[in-house]
Amino acid sequence: PNGGRVAWSEKVLDKQGQESLGTIFVADLPGGKSRRVTAAQDGKPHREWGAAFSPDGRTIAFLSDAAARGQLQIWLAPAAGGAARQLTRIKGQLDHLLWSSDATAIAFLFVEGSAQETGALVAYKPDSGVVQEAFEEQRIAVADAKSGQVRSVSPADMYVYDYDWSPDGATFAAEAVKGSG
């Protein structure tokens, strides 16, 4: 937030020469040496991306599947370096982290219970077996930055594509459509 650090995600090679699923780095500016920010403790590649600085720049929120392969969760790590801590323990697809202006909450796009990745460029899995009337709606959810308690805040009948906090952190502006998107 103050221009003193930068964070980014990139794909890197693991020890076996295989491409990682995503790695986050942070560096002090200008010219600081980059260091990895990760939730992983097993040395294996994990999906990690979506770094978002807290308003004071001290903490980085990011997505990682280090706790369970294929299930992203929100993790928090000190921007200056140190161990990450898992904030959420939920099931579904998470994306697009945004801190509230007072740093008490982190909003994100959430498809509760879904194993299907979201995004315009992700192929949707074809229906098979009994086809049901179950819609997977991407909603705005908010996690308390201390407890990790999650609550959905956008209407249940809306699919949210993009959103942002209001400057005072009291409401959201969103692009959405009724139904499953």
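Structure: above.
The following refers to the structure shown. (Residues numbered from 1 in each chain as written. Predicted model: local features only at pLDDT ≥ 70, side-chain atom pairs only at ≥ 80, totals over all residues. Heavy atoms only, no water.)

Looking at the pairing of strand S12 (residues 158-165)
Next up, step 1: Direction of pairing for S12 relative to strand S13 (residues 172-178): antiparallel, over a ladder of seven bridges. Each bridged residue has a counterpart across the sheet, and for Asp164 the counterpart in S13 is Ala173.
Next up, step 2: What sits between S12 and S13 in their antiparallel hairpin is a turn of six residues, with Gly169 showing a positive phi close to 75°. (Pairing = 2+ DSSP bridges. Helix = DSSP H or I, 4+ residues; strand = E, 2+ residues; numbered from the N terminus.)

Considerations on the nonpolar core
Note that soluble globular proteins tend to have their nonpolar side chains buried in a common cluster.
Next up, step 1: If you look at the biggest cluster of nonpolar residues, it comprises 17 residues, and the most contacted ones within it are Ala61, Ile74, Leu94, Leu97, Trp99, Ile106 and Phe108.
Next up, step 2: At the level of elements, strand S5 (59-64), strand S6 (73-78), strand S8 (92-99), strand S9 (105-112) and strand S10 (139-144) are the ones that each hand at least two residues to this core.
Next up, step 3: Residues in contact with Trp99, not counting those within four places in the same chain, are Ala52, Phe53, Ser54, Pro55, Thr59, Ala61, Leu76, Ala105, Ile106, Ala145 and Trp165.
Next up, step 4: The next biggest cluster of nonpolar side chains, apart from the first, holds 10 residues, and it includes Ile24, Val37, Ile60 and Ala77. (Core = buried A, V, L, I, M, F, W, Y, C linked by side-chain atoms within 4.5 Å. Buried < 20%, exposed > 50% of the residue type's maximum accessible area, 1.4 Å probe, protein only. Contact = heavy atoms within 4.5 Å.)

Regarding unusual backbone geometry
Next up, step 1: In this structure, Pro30 follows Leu29 across a cis peptide bond, with omega equal to -5°.
Next up, step 2: As for its placement among the helices and strands, Pro30 is situated in the loop between strand S2 (23-28) and strand S3 (35-37).
Next up, step 3: Of note in the backbone geometry, Ala103 takes a positive phi value of approximately 65° without being a glycine.
Next up, step 4: Inspection of the secondary structure assignment puts Ala103 in the loop between S8 and S9.
Next up, step 5: According to the relative accessible area criterion, Ala103 is partly exposed, its value standing at 27%.

Topic: the sheet that holds S8
Paired through their backbone hydrogen bonds, the strands of a sheet run either parallel or antiparallel.
Next up, step 1: The strand order across the open sheet formed by four strands is S8-S9-S10-S11, and the pairing between neighbours is antiparallel. Here the strands that pair on one side only, and so sit at the sheet edges, are S8 and strand S11 (150-152). Averaged over all pairs of adjacent strands, the angle between strand axes in this sheet comes to 30°, irrespective of strand direction.
Next up, step 2: Examined bridge by bridge, S10 and S11 share three bridges and lie antiparallel to one another. Paired with Ala141 across the two strands is Ser152, which belongs to S11. (Axes fitted to C-alpha atoms, helices over the stretch in contact; angles between N-to-C directions.)

Regarding the environment of Ser166
Next up, step 1: Structurally, Ser166 can be placed in the loop between S12 and S13.
Next up, step 2: Judged by relative accessible area, Ser166 falls into the buried class, the value being 15%.
Next up, step 3: In sequence terms Ser166 and Ser101 are 65 residues apart; their C-alpha atoms lie 8.8 Å from each other.
Next up, step 4: When neighbours within four sequence positions are excluded, Ser166 is seen to be in contact with Thr171 and Phe172.
Next up, step 5: Side chain to side chain, Ser166 and Asp168 meet in a polar contact 2.6 Å long. (Polar contact = N/O pair within 3.5 Å; in protein donor to acceptor, adjacent residues only side chain to side chain.)

Thoughts on the sheet that holds S5
Next up, step 1: An order of S4-S5-S6-S7 is seen for the four strands of this open sheet, with the pairing classed as antiparallel. The sheet is open, and its two borders are formed by strand S4 (48-53) and strand S7 (85-86), each paired with just one other strand.
Next up, step 2: Pairing geometry for S5 and S6, over six bridges, is antiparallel. Residue pairing for S6: Ala61 is matched across the bridge by Leu76.

Concerning the packing of aromatic side chains
Next up, step 1: According to the stated counting rule, one finds five aromatic pairs in the structure shown.
Next up, step 2: Centre to centre, the rings of Trp8 and Phe25 are 5.9 Å apart; their planes meet at 25°, and the pair counts as stacked. Here Phe25 lies in strand S2 and Trp8 lies in strand S1 (residues 5-10), a separation of 17 residues in the sequence.
Next up, step 3: On the accessibility criterion, Trp8 (29% relative accessible area) is partly exposed.
Next up, step 4: Among the residues examined, Phe25 registers a relative accessible area of 16% and is labelled buried.
Next up, step 5: Linked through ring pairs, Tyr163, Trp165 and Phe172 together constitute an aromatic cluster. (Phe/Tyr/Trp six-rings, centres within 6.5 Å; stacked < 30°, edge-to-face > 60°.)

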